[in-house]
Amino acid sequence: MGELDEAFVQGLEHRAKLSATQIERIPVIDLSALANPGGNIDNLVSEIGDACKNWGFFEVINHGVPQETRQKLESAAKKFFALPLEEKRKVRREVKTAPVGYYESEFTKNVRDWKEVFDYAVHDPMRTPLLPDPDDQQISEWYNRWPQYPPEFREACEEYSRELEKLSYKLMELIALSLGLPADRFNSFFEEQISFVRLNYYPPCPAPDLALGVGRHKDSGGLTILCDDEVVGLQVKRKSDGEWVTVKGSRESYIINIGEIIQVWCNDAYESVDHRVMLNTEKERFSFPFFFDPGHSTVVQPFEEIISEQNPPKYRPYNWGKFFTTRRLSNFMKLNVDNIQIGDFKVRD
């Protein structure tokens, strides 16, 4: 990441200190019942529903993803981030043409993130609207940018995303059932999905109480599945009292959080929750979130089966592809516009 410059240090000194309560375990849900076709999963569905309603986060074990697949990805990612900077920059993202690939945080006085990242699309190419295009008629195709080293990198990434895609569909079916919907209610939206995986590397930070790995945010997509290492960093804003709590999973589990699309689909029955990533002064940290997002043509709005006269729609429809592209361009290019939020589509009384 290079040496800290004076402006960055001054920026850290002027930030308020961040704090959170002790490590807390979010709901842990055992998915082993899914391995028995025709078995009773009523308890599992109930647990998923309670976790989505009360936390917006949960942890899954016995999920069916081979441990070897995870280990391959972790090994390949660590080798990639250990490469010289000039080698990693050979696959640096191109914001306008292909916002996938490698990038590192830019350190300024107002720095927020302290990390290196590699993004890749689950389905290559990824098809999204070409903005600005008010009618969404033009489509852009984003192709993954794979590094030459380590040679096993691409295969490890693609194998991992295939397994996580399977797990995502299982979880979405359970969430649908917990809402009283058919198990396959969400499936058609993901036929041309624009899902992607982010490989995060957080180097040790000299002032971890003053900087962030990732600032406070909510995930705007469908579902996020996080592969985390043993170095804690994830913090979640607990719904019961609004306090920040530090969350730690395990080497055998995945941490799940629902995104804002599910919040809109279920008309606020479940809510996407604020979370952030803290840093460590001595240890580096790796994390690999899988963002399960629907196709670009998806119109996101509360489901007809959920809304009623007593529960009218709380959101106006919006196009997911346009939302996704606008959000990424705003983040990447620092456009002089507000970062689009689902609150922009909230129905006002």
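Residues numbered from 1 in each chain as written. Predicted model: local features only at pLDDT ≥ 70, side-chain atom pairs only at ≥ 80, totals over all residues. Heavy atoms only, no water.

For the protein, an unreviewed UniProt entry supplies the name 2-oxoglutarate and Fe(II)-dependent oxygenase superfamily protein and the organism Melia azedarach.

### Topic: the packing of aromatic side chains
With the rule as written, the count across this model stands at 29 aromatic pairs. With a centroid separation of 6.4 Å and an interplanar angle of 40°, the aromatic rings of Phe-81 and Phe-286 are classed as tilted. Separated by 205 residues along the polypeptide, Phe-81 in helix 3 (residues 67-81) and Phe-286 in strand 15 (residues 285-292) bring together distant segments of the chain. Accessibility expressed as a relative area gives 5% for Phe-81, which makes it buried. Here Trp-265 and Phe-303 contribute two aromatic rings whose centre-to-centre distance is 5.5 Å and whose plane-to-plane angle is 20°, an arrangement assigned as stacked. Of the two residues, Trp-265 is situated in helix 6 (residues 260-265) and Phe-303 in the loop between strand 16 (299-300) and strand 17 (318-319); the sequence distance between them amounts to 38 residues. In this pair, the class of Trp-265 matches that of Phe-303, namely buried. In textbook terms, an aromatic cluster arises when at least three aromatic residues are bridged by ring pairs, as seen for Phe-80, Phe-81, Tyr-102, Phe-118, Tyr-120, Trp-146, Phe-153, Tyr-201 and Phe-286. Of note, Arg-70 hangs over the ring of Tyr-254, and the distance from its end group to the ring centre comes to 5.0 Å. The residue whose ring lies beneath Arg-276 is Trp-244, and the NZ or CZ to ring-centre distance is 4.1 Å. (Phe/Tyr/Trp six-rings, centres within 6.5 Å; stacked < 30°, edge-to-face > 60°. Helix = DSSP H or I, 4+ residues; strand = E, 2+ residues; numbered from the N terminus. Buried < 20%, exposed > 50% of the residue type's maximum accessible area, 1.4 Å probe, protein only. Lys NZ or Arg CZ within 6 Å of the ring centre and 35° of its normal.)

### Topic: the nonpolar core
Of all hydrophobic cores here, the largest spans 74 residues; its most connected members are Phe-118, Ile-175, Phe-186, Leu-199, Tyr-254 and Trp-265. When residues of this core are assigned to their parent elements, the largest contribution, 11 residues, is made by helix 5 (residues 153-178). Beyond its immediate sequence surroundings of up to four residues, Phe-118 is in contact with Phe-80, Phe-81, Val-91, Gly-101, Tyr-102, Arg-145, Trp-146, Pro-147, Phe-153, Val-197, Arg-198 and Leu-199. By size, the runner-up hydrophobic cluster in this structure holds 10 residues, among which are Phe-57, Val-245, Val-247 and Ile-255. (Core = buried A, V, L, I, M, F, W, Y, C linked by side-chain atoms within 4.5 Å. Contact = heavy atoms within 4.5 Å.)

### Section: the side chain of His-296
Relative to the helices and strands, His-296 is located in the loop between strand 15 and strand 16. Residue classification places His-296 among the buried positions, given a relative accessible area of 11%. The residues contacting His-296, other than those within four sequence positions of it, are Arg-127, Thr-128, Pro-129, Ile-139, Glu-192, Ile-194, Asn-319, Trp-320 and Gly-321.

### Examining unusual backbone geometry
Of the consecutive residues Asp-124 and Pro-125, the connecting peptide bond is found in the cis state with omega at 5°. With respect to the secondary-structure elements, Pro-125 resides in the loop between strand 5 (116-121) and strand 6 (126-129). For Asn-62, which is not glycine, the phi dihedral falls at a positive 50°. Structurally, Asn-62 is set in the loop between strand 3 (57-61) and helix 3. For Asn-62, a relative accessible area of 46% puts it in the partly exposed group.

### A short note on the packing of helix 3 against helix 5
For the pair helix 3 and helix 5, interaxial distance at closest approach is 9 Å and the crossing angle is 140°. Regarding the angle of helix 3 to helix 5, the classification is oblique. By crossing handedness, the relation of helix 3 to helix 5 is classed as left-handed. Contacts between helix 3 and helix 5 involve Thr-69, Arg-70, Lys-72, Leu-73, Ala-76, Ala-77 and Phe-80 from the first element and Phe-153, Ala-156, Cys-157, Glu-159, Tyr-160 and Glu-163 from the second. Class assignment of the residues belonging to the contact of helix 3 with helix 5 gives a composition of eight nonpolar, one polar and four charged. (Axes fitted to C-alpha atoms, helices over the stretch in contact; angles between N-to-C directions. Parallel < 35°, antiparallel > 145°, perpendicular 65-115°, else oblique. Left-handed = near helix turned anticlockwise from the far one by under 90°. Nonpolar A, V, L, I, M, F, W, Y, C, P; charged D, E, K, R; others polar.)

### Some details on the pattern of salt bridges
One pass over the full model with this rule turns up 23 salt bridges. Between Glu-158 and Arg-154 there is a salt bridge, with its nearest N and O atoms 3.0 Å apart. With Glu-158 and Arg-154 both in helix 5, this residue pair falls four residues apart, about one helical turn. A salt bridge links Asp-228 to Arg-285; its shortest N-O distance comes to 2.7 Å. Of this pair, Asp-228 sits in strand 10 (residues 223-228) while Arg-285 sits in strand 15, and the two are 57 residues apart along the sequence. This pair shows no difference in class: Asp-228 is buried, exactly as Arg-285 is. (Salt bridge = Lys/Arg side-chain N within 4 Å of Asp/Glu carboxyl O.)

### Re helix 2 (residues 42-54)
Note: α-helices contain 3.6 residues per turn, so residues at a spacing of three or four share the same orientation. Here helix 2 spans 18 Å end to end across 13 residues, near enough to the 18 Å set by a 1.5 Å rise per residue. Among the residues making up helix 2, those that are buried are Leu-44, Val-45, Ile-48, Gly-49, Ala-51 and Cys-52. Down the axis of helix 2, the buried side of the element spans an arc of 165°, and every buried residue falls inside it. Those residues of helix 2 that are exposed and angled more than 90 degrees off the buried face are Asp-42, Asn-43 and Lys-53. (Expected span 1.5 Å × (residues − 1). Arc of directions from axis to C-beta.)

### Looking at the packing of helix 2 against helix 5
Contact pair helix 2 / helix 5: the axes reach a minimum separation of 8 Å and the direction vectors enclose 85°. With respect to each other, helix 2 and helix 5 are oriented roughly perpendicular. The residues of helix 5 that touch helix 2, namely those facing Leu-44, Val-45, Ile-48, Gly-49 and Cys-52, are Leu-174, Ile-175, Leu-177 and Ser-178. In the contact of helix 2 with helix 5, the residues fall into seven nonpolar, two polar and no charged.

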